[in-house]
Amino acid sequence: MSRIDEVIAADRRRFLRSALAGGVMLAVGGSIALPRLLAAGADSWPPGLIHTTPGSVLLETFADDGRNLGLHRELKLVLTDAQWHQRLSQASFDIMRRRGTERAFSGEHERPAARGIFRCRGCGTALYDDATEFDSGTGWPSFWQPISAHNVVQNRDATLGMERTEIRCARCDSHLGHVFDDGPHPTGLRYCMNSLALHFVPRAAS
């Protein structure tokens, strides 16, 4: 088991322990309904605040050596703000949970020297392969496609007086960046991501 798989497995165990501690899980139609694990009083969400509803999501999983391990249904990662602060730096928290943006050319992930996979810094979901990264000249890591359409979600973003398409991690709903239609061949898209939302894992030998 890779280190990232160990982290995800540990998260799943913590999630279930928290669910049991917070209240009994109810069986609904033979399945398990998990209680909401959200901060108390979080029913009226301030502008820019990201929250996640419990459930599961179908993800395409990848080993650290790049092997496609197929589609697997995973629990959504739902944490309180306090739990996110334990997991993320303040800068990453502001971007991923408050929809912030890092300064251009401040990130560490533009054109890494090694081959590898970019994973979500919040939950370890595979997001991009370095083979699809290109130098956009914008100062943010840019990719012409995600590693799998299952692993990211798109949302309309009308903030700052602009119409944009926001990209989030499918498993933990963390904000990653935006996608634009000024990218290179073959997709013509530019997935403009925040370095502080990504964790680069060099490709392990198979």
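For the structure itself, consult the block above.
What counts, and at which threshold
- Residues numbered from 1 in each chain as written.
- Predicted model: local features only at pLDDT ≥ 70, side-chain atom pairs only at ≥ 80, totals over all residues.
- Heavy atoms only, no water.
- Helix = DSSP H or I, 4+ residues; strand = E, 2+ residues; numbered from the N terminus.
- Buried < 20%, exposed > 50% of the residue type's maximum accessible area, 1.4 Å probe, protein only.
- Areas by Shrake-Rupley, 256 points an atom, 1.4 Å probe, with all protein chains shown as cover.
- Pairing = 2+ DSSP bridges.
- Axes fitted to C-alpha atoms, helices over the stretch in contact; angles between N-to-C directions.
- Salt bridge = Lys/Arg side-chain N within 4 Å of Asp/Glu carboxyl O.

Chemist: Which residues make up the overall build of the protein chain, and what values go with them?
Modeler: Within the protein chain, the secondary structure is distributed over three helices and 13 strands. For the protein chain, the proportion of its 206 residues judged to be buried stands at 44%. Looking at the protein chain as shown, the accessible area adds up to about 10,600 Å², and 53% of this sits on carbon and sulfur atoms.

Chemist: For the sheet that holds strand β6 (residues 126–129), give the residues involved together with the corresponding values.
Modeler: Read across the sheet, three strands follow the order β6-β5-β13 without closing on themselves; strand pairing throughout is antiparallel. Here the strands that pair on one side only, and so sit at the sheet edges, are β6 and β13 (198–202). Pairs of neighbouring strands in the sheet enclose a mean axial angle of 30°, with direction left out of account. Both strand β5 (residues 116–120) and β13 contribute to a ladder of five bridges, which runs antiparallel.

Chemist: Tell me about unusual backbone geometry, and name the residues and values.
Modeler: Across the junction of histidine 185 and proline 186, the peptide omega takes the value 10°, indicating a cis bond. Assignment of secondary structure puts proline 186 in the loop between β11 (175–180) and β12 (190–193). Even without a glycine there, the phi angle at arginine 99 is positive, about 60°. Within the secondary structure, arginine 99 sits in the loop between α3 (90–96) and β5. A relative accessible area of 25% means that arginine 99 is categorised as partly exposed.

Chemist: Go over the pattern of salt bridges, please, and point to the residues and values.
Modeler: This model, assessed by the stated rule, comprises 13 salt bridges. Across the pair glutamate 166 and arginine 99 runs a salt bridge, and its minimum N-O distance is 3.5 Å. With glutamate 166 in strand β10 (residues 164–169) and arginine 99 in the loop between α3 and β5, the pair connects residues that are 67 residues apart, well separated along the chain. The class of glutamate 166 is buried, set by a relative accessible area of 1%. A salt bridge links aspartate 182 to arginine 190; its shortest N-O distance comes to 2.8 Å. Within this structure, Arg99, Asp157, Arg164, Glu166 and Arg168 form a network of salt bridges that share partners.

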